[in-house]
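Secondary and tertiary structure notes
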Amino acid sequence: MGSQMSLFGLHCLKGKEKEEERRIRANNREYNQLHKYATNAIKTSKYNMFSFLPLNLFEQFQRIANAYFLFLLILQVIPAISSLSWFTTVVPLVLVLAVSAAKDGSDDINRHKSDRQVNNRKVKVLLNGELRTEKWMDVQVGDIIKLENNHFVTADLLLLSSSEPLNLVYIETAELDGETNLKVRQALTITGDMGHNLEMLSAFDGELRCEPPNNRLDRFTGTLMFQGQKFSLDNEKVLLRGCTLRNTEWCFGLVIFAGPETKLMQNSGRTTFKRTSIDRMMNALVLCIFVFLVFMCTVLAIGNSIWEQQQGDFTTFLPRQDGVNAAFSGFLTFWSYVIILNTVVPISLYVSVEIIRLGNSFYIDWDRKMYYARSDTPAVARTTTLNEELGQIKYIFSDKTGTLTQNIMTFNKCSINGKCYGDVFDYSGQRLEMTEETEKVDFSYNPLADPKFSFHDHSLVEAVKLENPEVHAFFRLLALCHTAMAEEKTEGELLYQAQSPDEGALVTAARNFGFVFRSRTPETISIVEMGIQRNYELLTILDFNNVRKRMSVIVRSPEGKLSLYCKGADTVVYERLHPSCSKLMEVTTEHLSEFAGDGLRTLALAYKDLDESYFESWRQRHHEASTALDDREDKLDELYEEIEKNMLLLGATGIEDKLQDGVSHTIEQLSRADIKIWVLTGDKQETAENIGYSCNLLREEMSEVFTVAGTSPEEVRQELRTARIKMKPETGEGNVTIEGEGEILGKKSKLVQDEAVNGEYGLVINGHSLAYALDKTMELELLRTACMCKTVICCRVTPLQKAQVVELVKKYKRAVTLAIGDGANDVSMIKAAHIGVGISGQEGMQAVLSSDYSFAQFRYLQRLLLVHGRWSYLRMCKFLCYFFYKNFTFTFVHFWYAFFCGFSAQTVYDEWFITLYNLVYTALPVLGMSLFDQDVNDRWSFQYPQLYVPGQLNMYFSKTIFAKCVLHSGYSSLVVFFIPYAAMYNTVRDNGKDVADYQSFALLAQTCLLIAVCIQLGLDMAYWTAVNQFFVWGSLAVYFAITFAIYSNGIFLIFTSSFPFIGVARNTLNQANVWLTILLTTILCVLPVVAYRFLLMQLRPTINDKVRFKVRQTKASPPPPPRRARIRRTSSRRSGYAFSHAQGYGDLVTSRRFLRRAPVSRSTAFSPTARSPGKFLPTGRSAGYSPTGRQSNLRQDETSLQMYRAVKDPQI
Amino acid sequence: MMASSYNAKEEDGHHSVSAASGPSAGPSAKSKKPDNTAFKQQRLPAWQPILTAGTVLPAFFIIGLIFIPIGIGLFVTSNNIREFEVDYTGVDASSPCFTCSQTYSWNSSIPCKCAVSFSLEQPFESNVFMYYGLSNFYQNHRRYVKSRDDSQLNGDKASLRNPSKECEPYRSHDNKPIAPCGAIANSLFNDTLELFYIDPNGTRTQIPLVKKGIAWWTDKHVKFRNPGGNNFNLTVVFQGTTKPVNWRKYVYELDTDPENNGFVNEDFIVWMRTAALPTFRKLYRIIQKKSNMTPTLPRGNYTLDVTYNYPVRSFEGRKRMILSTISWMGGKNPFLGIAYITVGSVCFFLGVVLLIIHHKYGNRNNSADIPN
């Protein structure tokens, strides 16, 4: 949010002057043009044909690495300093710049294309009294445009008139805020009266004054002056760009903001730039390396001064340049060595890192095992720079609805009169696992049945057909006691609009079993009972709310019998049952806990017949109470309590909040990988807890599940502290102590260490308590307690709180966080976390668009982390280790040589070797390793999720590893220099001629070096594919080929001064002692490493070594994972009650004003593919959220009602 | 109504997402399912070596077993090489060249001569190579190394007249280009060494020294060429150039043999192949074996007659004369042999140590179950 605001702020600053107020005159282009408002053309591209080269180069040289190489290049052209020819830097630099420029260029071409596509869309504009089709980009502020059904809104518009009654239009805002339900906008009556009258519209000369462009999607303030009157304008009268017009034939709108000034564009753009921890560490290391480089150069420069002082008389043969004394010579040498030793910070490092990340991102895109066939969605790595971070995740923050669950409720089981239905047993009485193949109950006897409903237990249908009175009463209750609305478009095709998916599932179950709720009026409910239409008189709805946890209806049957039907939480209903059902209660309780154990949401159902006279008197009192001026709520509650008494238990329902496939397995795998999963959901506590149990996050075996639901800061603090002390008594009452202090790039940050506790604990924390707990004074207490628990569930949290929780963990834990979600309310958290994952194909695109990775199913997360993440991390670490090793080794040799060449910045190797070493000779093998390496394959990765742990602990690449790497290369460089030195000292060729000359020595040293680093690579590589073999051997072959080529007669005769090494290869590499030296050098480089690694494996094998050893032993694939039978938990005493709505619609249902607008238009707004077809569509969720995150969760409850209110109001 | 709005949503949605892909082909569009190739699914067949006791330990033993014999062979070979070295710098007052080393001047026209006597304890059997060795002479100094013009040395006429800037300050003299230019050429080693055998009866016999065939073939025939191709009249060819400052003769006066004169003079070529280290030796002459019966250099007393021209005292350099035979592995250098023997032994020893460790700990750790 902050970033968005700052972006907005920036934008304002950039503008020529800050716009205070916007004034627009309709149909007056001349006037509006005075203000120079932006036109509707958008431009997301950065360059054009001519600006590309300079701009792009300018941008690239802003990168520190590129600038550094430019600086080197400048040093190299100073003759007194130049220790290397210019081409050693120019060739790599040009290559790097070209690659980057090509990538930027192709990106920009794509942006141009999409810009052009959007800008060239057609829209009808009212110009000079007639409608003309214009391109979007030609639309200007103040124009009146006509939109038709299913058109995208062209710009931010003031709605003038529409085809619908009351000047309403319906819009879908999914692209804007992720909400898939339709929203209503209404024009002012005065403008709405113009209708489709083009003359009036073109004569319309209203003057609009409104706020300047901003990014607040939920707010708009302005006034319209028209016909001398002033009308105030708000968000309800504005259509924003990015919306789509639905169910509205046409509408006219006045353009307020166009193009870049629309709220959509003001909101867009990736505002957060994420970097991985490896990135940050690499930057720190590069700084260290620079310091080290300066240190080395200083040492050598001092050495040079001393040498010049002592060997000053060598000037007999080598006079100094004019005006250069020993000190100045040292100064020049410093810069010369900066050039020579620059390879410690190799330019190709950055390019290679990018290539590796890109490659690993492609693997994610290509993974068939993360492709979801049903929605044709492959996984997408939307950010290509975060891969290795996927291998280091410690905390996962997950949304619940749509992420863990499918948001589909199914009526799964029920208990009627002490008999449990819903399970299928085989002949031996063994309960069968439900699969796709399990035979479904045939509902064909019921023409009104919902074909998508499935149930497997035939005995329930038998019971219905046998007219078992309790079973009938059970379903009658379900058909009557609800606030759903039915709509019948064509005969027999019923569509229910339920307030919550639970209720929808119950009504649908009743429908399929032959008690079809068909329609309702405020006073009646008509249902079709076993084929016979019956109308019940609806007398009262005793509505649902969070305290009552139940709802009842009082109906009069066609026969005139008065009954009260009640459904609610088992705990609540049980207290109000007639003592006579105690026996049934026992049996039902058993069923209820069984349902709860299966993770089902349960409701208990009860009824009672009412006495006519008693009811009359109650009704009278009810009427009085509902019109009472004070204490109305209390009085009503009292009355409800009075009548909901002595009810008779009918049974219980078990509704499954369908988890996505493989969720619990995934969660188990992730927790075995020592990843902590926190669920952050906007749902109610019960629902969240329920899901916690059904997906194995919370378990019966847990020592305790703490619930924090305090309503004051003190209470919350106390609850947190109590929980903590219970988990770890020795931590005491005292204030939170901070056990560690970390320092990241000079910024000191406090760190909270992990504390180990005995036993497993869970923590459930409520949104309003969380608000207190997230306070500065308490956040550490919260974090500490929460981190001791294995599972944390936060319920009823706002989007902003989601982000705050993530920020909290990021701030005090040195851990990598991942947030996964599907809805617009998860955007803030996705942006806040180190890595954001969007579940695609669910609610809108908002989450996906702001995510770094997206895929269709939660279960792919384990593959993303345990396979792709782990491999990426491993590869990146191996790459960095090896890359630093090979460059340090390469460079340090120069350092040693300095002591034997008078610190004159003479290179050891041929300049061409220096140029090509990183680019050609060693580039592909290391790239091959970083793109193909895998320690064990994916199946073993799943088999042992513990393999993931080293990543979380940063074990493969850290400062220690880096230090080891430096030492290792120090050793190797000593070997690579001094073995050839000693072997060549005062020696000659086998024909007595020279072999200890500089050129032969250079060739020998560089060959030793190259072979040594190649063998080192072979040691590091765990996975030798044909490609790797090709790269390694190919590189060596290329080295020899190129060496012989550039040392050949031909090239010397053509470019005499550039290739002075003529004949060296031929004359040196035919010497036996040269090869013996090469062999000795390589063996000496490699032996200690092999011995050390072998010793480590023997003495302290890592998990990795063990698994690889096991793979080697079994030689084959891991044993197939045992088929996971759902573990039945019977010991539960927990209530499985959960119901996803907060406040009933009872008053709306009974009010005479309800639903003038057919609710069907709403349901069509959902794409049936987005949700599973035909199931009940949720409402309320994600409503009321705007990306600006300024809203509280209070509004969330309200907005789901807006739909109804919106129609209600105009009639008043 | 319902169906139509559903379609519209689909199309629009598609439209907006993949705008660049043009008009969408509707529901029959190609599936986005990734290809099932071993590469894309990261299932490329691979060889996965790991460091097990079964591979590491034998490797150590084998390396040990191979290295030790090689080392012994190298050591013996190196020891069989006869080498004799005499330092004639003249640092000590007692040494015969002391006077010469004191009275040195580049420009003195009278050569200073001195004779160093020495005796060989053992006869040198095969061809003997005579080297001059210099110490503390930084032929590998960066400015020194680059102070030459390869084009000029390759006979390029333009470079002959206008040598490369790298040659500064030895690029031109008296407004004439220097040929050969640069510091390397300028500091050409110009002592003359002659070897005499002193018979037991006192007669001095000059030992014939061959001065051709001491440079690399590629250097002599490709890298270094006189300007003007086959024109043997070098005086004409080098017309208009001057000699390097320190030289006493012009480059075309180095030898009388036209094959060995000018830039292709082998002493010059040898010198121009700069040494890698500040202590180095360069081939000066070859003493050919005459017959199988007599050794090339029988044991006995010798005198080395030195024409002392080359000043090294100022920077504490040293000049040596080395006589050496050679073998298949070149000159005498015991290092490789010793190194091979050492590395081989260490390998073997390490192998034993690792074997013990493996027996003690390895099995325990590797068979241990992987904790969950």
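All values reported here derive from a predicted model rather than from experimental measurement. (Residues numbered from 1 in each chain as written. Chains lettered and ligands numbered in written order. Predicted model: local features only at pLDDT ≥ 70, side-chain atom pairs only at ≥ 80, totals over all residues. Heavy atoms only, no water.)

Section: the pattern of salt bridges
Filter applied, for reference: Just to be clear on terms, a salt bridge is a Lys or Arg side-chain nitrogen sitting within 4 Å of an Asp or Glu carboxyl oxygen. A run of H or I in DSSP counts as a helix once it spans at least four residues, and a run of E counts as a strand once it spans at least two, with each numbered from the N terminus. Only protein chains enter the accessibility calculation, which uses a 1.4 Å probe; a residue is then buried when its area is under 20% of its type maximum, exposed when over 50%, and partly exposed in between.
What the rule picks out here adds up to 63 salt bridges over all chains. A salt bridge links Glu-308 of chain A to Arg-143 of chain B; its shortest N-O distance comes to 3.7 Å. Of this pair, Glu-308 of chain A sits in helix α10 (residues 277–310) while Arg-143 of chain B is found in helix α4 (residues 142–145), placing the two residues in two different chains. Residue Glu-308 of chain A is classed as buried on the basis of its relative accessible area, which comes to 4%.

Describing the side chain of Thr-817 of chain A
So the rule is basically this: Contacts were defined at the residue level, with two residues in contact if any of their heavy atoms lie within 4.5 Å.
Counting through the fold element by element, Thr-817 of chain A comes out in strand β33 (residues 816–821). Excluding anything up to four places from it in sequence, Thr-817 of chain A contacts Ile-393, Tyr-395, Phe-397, Val-806, Val-809, Lys-810, Ala-833, His-834 and Ile-835 of chain A.

Remarks on the packing of helix α24 (residues 779–788) of chain A against helix α25 (residues 799–812) of chain A
Residues and elements named next belong to chain A. Put simply, the rule is: What counts as an axis is a line fitted to C-alpha atoms, over the stretch in contact for a helix, and the angles between N-to-C directions run from 0 to 180 degrees. Note on terminology: angles under 35 degrees are roughly parallel, angles over 145 are roughly antiparallel, angles of 65 to 115 are roughly perpendicular, and the others are oblique. All amino acids are sorted into three groups, where Ala, Val, Leu, Ile, Met, Phe, Trp, Tyr, Cys and Pro are nonpolar, Asp, Glu, Lys and Arg are charged, and the leftover types, Gly among them, are polar.
At their nearest, the axes of α24 and α25 sit 11 Å apart, and the two run at 85° to each other. When the axis of α24 is compared with that of α25, the two are roughly perpendicular. Contacts between α24 and α25 pair Glu-779, Leu-780, Leu-782 and Leu-783 from the former with Leu-808, Val-809, Lys-811 and Tyr-812 from the latter. Here the contact of α24 with α25 is built from residues that sort into six nonpolar, no polar and two charged.

Concerning the sheet that holds strand β3 (residues 112–120) of chain B
Two modes of strand pairing occur in sheets, parallel and antiparallel, and in both the strands are linked by backbone hydrogen bonds. All names here are of chain B. The line we're drawing: Pairing between strands is defined by DSSP: at least two bridges between the two strands are required.
Spatial strand order, β3-β10-β7-β8: four strands in an open sheet with antiparallel pairing. The sheet is open, and its two edges are formed by β3 and β8 (204–206), each paired on a single side. Sheet twist, expressed as the mean angle between neighbouring strand axes with direction ignored, is 30°. Inspection of the sheet shows strand β7 (residues 192–198) paired to strand β10 (residues 300–308) by seven bridges, in the antiparallel sense. Bridged to Glu-194 within β10 is Asp-305.

A closer look at the UniProt feature "domain: P-type ATPase N-terminal" (unreviewed entry) in chain A
Stated precisely, the cut-off is as follows: UniProt positions are given in the numbering used here, feature names are shortened, and annotations may be inferred rather than shown by experiment.
The feature "domain: P-type ATPase N-terminal" (unreviewed entry), as annotated in UniProt, sits at residues 24–90 of chain A in this numbering. Secondary structure within residues 24–90 of chain A divides into 49% helix and 3% strand; the distance between the first and last C-alpha atoms comes to 56 Å.

Considering the UniProt feature "transmembrane region" (unreviewed entry) in chain B
Residues and elements named next belong to chain B. Under the feature "transmembrane region" (unreviewed entry), the UniProt entry names residues 50–76 and 335–357. For residues 50–76, the helix share is 89%, the strand share is 0%, and the end-to-end C-alpha distance is 38 Å. Secondary structure content for residues 335–357 is 100% helix and 0% strand, and the end C-alpha separation is 32 Å.

Observations regarding the state of the cysteines
All names here are of chain B. Inclusion rule: Cysteine sulfur atoms that come within 2.5 Å of each other are treated as a disulfide pair.
For the structure shown, the criterion picks out three disulfides over all chains. In this model Cys-100 forms its disulfide with Cys-112; the gap between the sulfur atoms is 1.7 Å. Between Cys-100 and Cys-112, the disulfide has an S-S torsion of -95° and is therefore left-handed. Residue Cys-100 is located in helix α3 (residues 98–102), and its partner Cys-112 is located in strand β3; the two are separated by twelve residues in the primary sequence. Disulfide connectivity for chain B, with bonded cysteines indexed by sequence position, reads 1-4, 2-3, 5-6.

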